[in-house]
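Descriptive structure summary
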Amino acid sequence: IRRRSGGQRIVDLKPAPARIRFGPAMPKLAGRVLVDIFRSNWAVAKIILLNPPERQAGFIEIPIDLRSPYALAVLGIILTATPGTLWVQYDDKRHVLLLHILDLIEEAEWQTIIKRRYEDLLVEIFE
């Protein structure tokens, strides 16, 4: 991303090549994503079928340490592919991710899940 005089942003259509580190983090991340997608499908099915009164949907902000656009894209794919979560927005100035959660119980728990289950491995792979 470049800026013209006057502050207008210019986005290059050909991004820099990704730096990917192949190693044990890749299969570990893939396994976590598959397990989490299965668990989330089950949890969303229970919510739809049982309609528990204590369920509360909501938005949360999560500070993100990722800077690689490729790592951010993979995180977006993971979160959107996992039922019950949706990547809504990323603020690149504050480095904060806005998520919509179908069953928002504990914000701190969700922040820990995103940062420890996904972000740590994505940093190891892309940065």
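Our structure is the block above this text.
Residues numbered from 1 in each chain as written. Predicted model: local features only at pLDDT ≥ 70, side-chain atom pairs only at ≥ 80, totals over all residues. Heavy atoms only, no water.

1. Remarks on the overall build of the protein
Secondary structure assignment for the protein yields three helices and five strands. The helix and strand sequence of the protein, counted from the amino end, reads β-β-α-β-α-β-β-α. For the protein, the C-alpha atoms occupy an extent of roughly 55 × 40 × 25 Å along the three principal directions. For the protein, the proportion of its 127 residues judged to be buried stands at 28%. In the protein, 70% of the contacts between residues at least 6 apart in sequence involve partners at least 24 apart. Total accessible area on the protein stands at roughly 8500 Å², and carbon and sulfur atoms take up 61% of it. (Helix = DSSP H or I, 4+ residues; strand = E, 2+ residues; numbered from the N terminus. Buried < 20%, exposed > 50% of the residue type's maximum accessible area, 1.4 Å probe, protein only. Contact = heavy atoms within 4.5 Å. Areas by Shrake-Rupley, 256 points an atom, 1.4 Å probe, with all protein chains shown as cover.)

2. Some remarks on the pattern of salt bridges
Opposite charge on two side chains lets them pair, provided their charged atoms get close. Going through the model one piece at a time under the given rule, you end up with six salt bridges. Between R94 and E61 there is a salt bridge, with its nearest N and O atoms 3.0 Å apart. Note that R94 is positioned in the loop between β4 (85–91) and β5 (96–101) and E61 in strand β3 (residues 58–63), a separation of 33 residues in sequence. Here E61 falls in the partly exposed class, since its relative accessible area comes to 41%. (Salt bridge = Lys/Arg side-chain N within 4 Å of Asp/Glu carboxyl O.)

3. A closer look at the sheet that holds β4
Strand order in the open sheet formed by three strands is β3-β5-β4, and the pairing between neighbours is antiparallel. Two strands bound the open sheet, and with one partner strand each, they are β3 and β4. The average angle at which neighbouring strand axes cross in this sheet is 25°, direction not considered. Packed on one face of the sheet, helix α2 (residues 69–81) meets β4 and β5 and runs near 150° to β4. Seen against the sheet, helix α3 (residues 107–126) touches β3, β4 and β5 and runs at an angle of roughly 50° to β3. (Pairing = 2+ DSSP bridges. Axes fitted to C-alpha atoms, helices over the stretch in contact; angles between N-to-C directions.)

4. Let's talk about the packing of aromatic side chains
Inspection of every chain in the model, using the stated rule, returns one aromatic pair. On the basis of an interplanar angle of 40° and a centroid distance of 6.2 Å, the ring pair of W87 and Y90 is categorised as tilted. (Phe/Tyr/Trp six-rings, centres within 6.5 Å; stacked < 30°, edge-to-face > 60°.)

5. Focus: the packing of α2 against α3
It is at 10 Å that the axes of α2 and α3 come closest, and there the two elements cross at 145°. Helix-helix and strand crossings are classified by hand; for α2 and α3 the assignment is right-handed. In this structure, α2 contributes Y70, A71, V74, L75, I78 and L79 to the contact, and α3 contributes I114, Y118, L122 and F126. Taken together, the residues of the contact of α2 with α3 break down into ten nonpolar, no polar and no charged. (Left-handed = near helix turned anticlockwise from the far one by under 90°. Nonpolar A, V, L, I, M, F, W, Y, C, P; charged D, E, K, R; others polar.)

6. Some words on α3
Over its 20 residues, α3 runs 26 Å from end to end, which matches the ideal 28 Å to within 8%, given 1.5 Å per residue. The principal kink in α3, of about 40°, is found at E119. All of the buried residues in α3 are W110, I114, K115, Y118, E119, L121, L122, I125 and F126. (Expected span 1.5 Å × (residues − 1). Bend = angle between axes of the 7 residues up to and from the residue.)

7. Some remarks on the pairing of β5
Residues in a regular strand point their side chains to alternate faces of the sheet. By the bridge criterion, six bridges tie β3 to β5 in an arrangement that is antiparallel. Paired with E61 across the strands is L98, a residue of β5. Relative to β5, β4 runs antiparallel, the two being bridged by six bridges. Its bridge partner lying in β5, D91 is registered against V96. Between the antiparallel neighbours β4 and β5 lie four residues, among them H95 with a positive phi of about 55°.

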